[in-house]
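# Fold and contact review
Below, each chain spelled out in residue letters.
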Amino acid sequence: MSHNILVIGELDEGSASATTLELLAGASEIASGGNVSVTLLGVGASQAVGACAGANTAYASDDAQYDDFRGDQWISAIQSAVESETPDVILVAQSIVGRELGPRLSHKLGTAVAMDCVSISDVDGSIKATRPCFGGNAMATYGFSTSPAIATVRAKSFEVTEGGSGPTTSTELPAASQSRTEIIATEAATAEGLQIQDATVVVCGGRGLGDAEAFGEMESIASAIGLDKAAVGASRAAVDLGWYPPSQQVGLTGKVVTPDLYLAVAVSGASQHMAGCSGSKTIVGINRDEEANIWSFSRYGIIGDYKQVVPALIEELKKASGN
Ligand SMILES: Cc1cc2nc3c(=O)[nH]c(=O)nc-3n(C[C@H](O)[C@H](O)[C@H](O)COP(=O)(O)OP(=O)(O)OC[C@H]3O[C@@H](n4cnc5c(N)ncnc54)[C@H](O)[C@@H]3O)c2cc1C
């Protein structure tokens, strides 16, 4: 069955964000011939829609007021796109913006939202949304009894396919309305380099490392792999001990990462930790406890003391990269 799908896009430095392009790729698959549309708000939006492969229709506003996200302003702009498109599915990224936008939009449209989904599919004509539950220990699949079905979707849940043409029509959305929110100040996050959510490889250290200095070894693994691909994360136990910055915490109360490779070093694999990394393509554990919970999630594992395993691993990685 065909579906009309509206993707709520986001800008990243004036271009459609990577997650917006992923959502569009997913939307064009699920739409089965239905219309796919996209909204983009903020400076550069009307230019950026050109690269939105998979969308037939675009709605954009270049108003600079949309740059600092304020839920009420975004909702009223998105509502005009919803009125024109009457979508039966709305996809939003599970981003800082999307986490607020999804529930606000569902309230405004009198429908339901499934948050933090990892897959959206059409099963016999009905939209199903799958998301982790019980701290990542199980997956739940939801159907919708109201329309439009709204879902916020994690990054890297859909793969972007090369090629595909952008929208054939673009409509200007109204300039931002008066907001009830005033932004007093904004402070840039201090995290430098590749962010863990964007890394292809995440090297995560846990409490079993024993001290903050051992995180230097996690950084050496990341450098041996390449700092354009790999970043270092930490379990909450290690963060709470002050061994690594909170911006790098993976888990239920930290960041959700979905890299191709997740290397968990001296991490026990508690459910609250796994909630942040169980969507990784391949998990590899290094742990001296052969009963550790991490083995329930790992495709490969090395049972042993990281102090012996990690130097040997760094050596091999350096050889492999020719350094
Ligand atoms: C509401 C709530 C939210 C939470 N949110 C998060 C979250 O977002 N992220 C998170 O990580 N946790 C979270 N937690 C905490 C979580 O329950 C665990 O306590 C935490 O993940 C444990 O961290 P860890 O695996 O580093 O430490 P530990 O559980 O202490 O595990 C250390 C591991 O290192 C191994 N080890 C020790 N020495 C060595 C060695 N020399 N070589 C190899 N292996 C060794 C041990 O065998 C052990 O498996 C949360 C808890 C609650 C209640």
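No experiment lies behind these values; they were computed from the predicted model shown. (Residues numbered from 1 in each chain as written. Predicted model: local features only at pLDDT ≥ 70, side-chain atom pairs only at ≥ 80, totals over all residues.)

## Comments concerning the overall build of the protein
- For the protein, the count of helices and strands is 8 helices and 17 strands.
- Computed over C-alpha atoms, the radius of gyration of the protein comes to 21 Å, within 12% of the 20 Å expected from 2.2 N^0.38 for 323 residues, which places it in the range of a compact globule.
- Projected onto its principal axes, the C-alpha positions of the protein cover 60 × 45 × 40 Å.
- Counting every position in the protein, which comprises 323 residues, the buried fraction comes to 44%. (Helix = DSSP H or I, 4+ residues; strand = E, 2+ residues; numbered from the N terminus. Rg over C-alpha atoms; globule rule 2.2 N^0.38 Å. Buried ≥ 20, exposed ≤ 12 C-beta atoms within 10 Å, placed from the backbone.)

## Some details on the domain arrangement of the protein
- Segmenting the protein into domains produces domain 1 (5-172) and domain 2 (196-321).
- In the side of domain 1 that touches domain 2, the residues fall into 3 nonpolar, 3 polar and 2 charged. (Domains from an automatic or database assignment. Nonpolar A, V, L, I, M, F, W, Y, C, P; charged D, E, K, R; others polar.)

## Re the nonpolar core
- With 49 residues, the main nonpolar core has Val7, Leu24, Leu40, Leu91 and Ala151 as its most contacted residues.
- Those residues in contact with Ala151 that sit more than four places away from it in its chain are Leu91, Val113, Ala114, Cys117, Ile120 and Ala129.
- In terms of nonpolar packing, the next biggest core, distinct from the first, is built from 40 residues, Ala238, Val257, Tyr262 and Ile286 among them. (Core = buried A, V, L, I, M, F, W, Y, C linked by C-beta atoms within 7 Å. Contact = placed C-beta atoms within 7 Å.)

## Quick word on the site of the ligand
- The ligand sits among 28 residues. The nearest are Gly206, Gly208, Ser235, Gly251 and Ser268.
- Mapped by element, the contributors of at least two residues to the shell around the ligand are helix 6 (236-240), helix 7 (271-274), strand 16 (282-287) and helix 8 (306-321).
- Counting residues per element, the shell around the ligand draws most heavily on helix 6, at 3 residues.
- A breakdown of the residues in the shell around the ligand according to their chemical character gives 10 nonpolar, 12 polar and 6 charged. (Near = placed C-beta within 6 Å.)

## Re the sheet that holds strand 8 (residues 119-123)
- Taken together, 3 strands build an open sheet; the order of strands is 8-9-10 and the sheet is antiparallel. Lying at the two open borders of the sheet, with one neighbouring strand each, are strand 8 and strand 10 (138-143). Across the sheet, the mean angle separating the axes of adjacent strands is 30° when strand polarity is ignored. (Pairing = 2+ DSSP bridges. Axes fitted to C-alpha atoms, helices over the stretch in contact; angles between N-to-C directions.)

## A few points about the packing of helix 3 (residues 71-85) against helix 4 (residues 96-109)
- For the pair helix 3 and helix 4, interaxial distance at closest approach is 10 Å and the crossing angle is 55°. In terms of orientation, helix 3 lies oblique with respect to helix 4. Between helix 3 and helix 4 lies a crossing whose hand is right-handed. Residue-level inspection shows Gly71, Trp74, Ile75, Ile78, Gln79 and Val82 of helix 3 in contact with helix 4, the latter providing Glu100, Leu101, Arg104, Leu105, Lys108 and Leu109.
- Class assignment for the residues of the contact of helix 3 with helix 4 results in 7 nonpolar, 2 polar and 3 charged. (Parallel < 35°, antiparallel > 145°, perpendicular 65-115°, else oblique. Left-handed = near helix turned anticlockwise from the far one by under 90°.)

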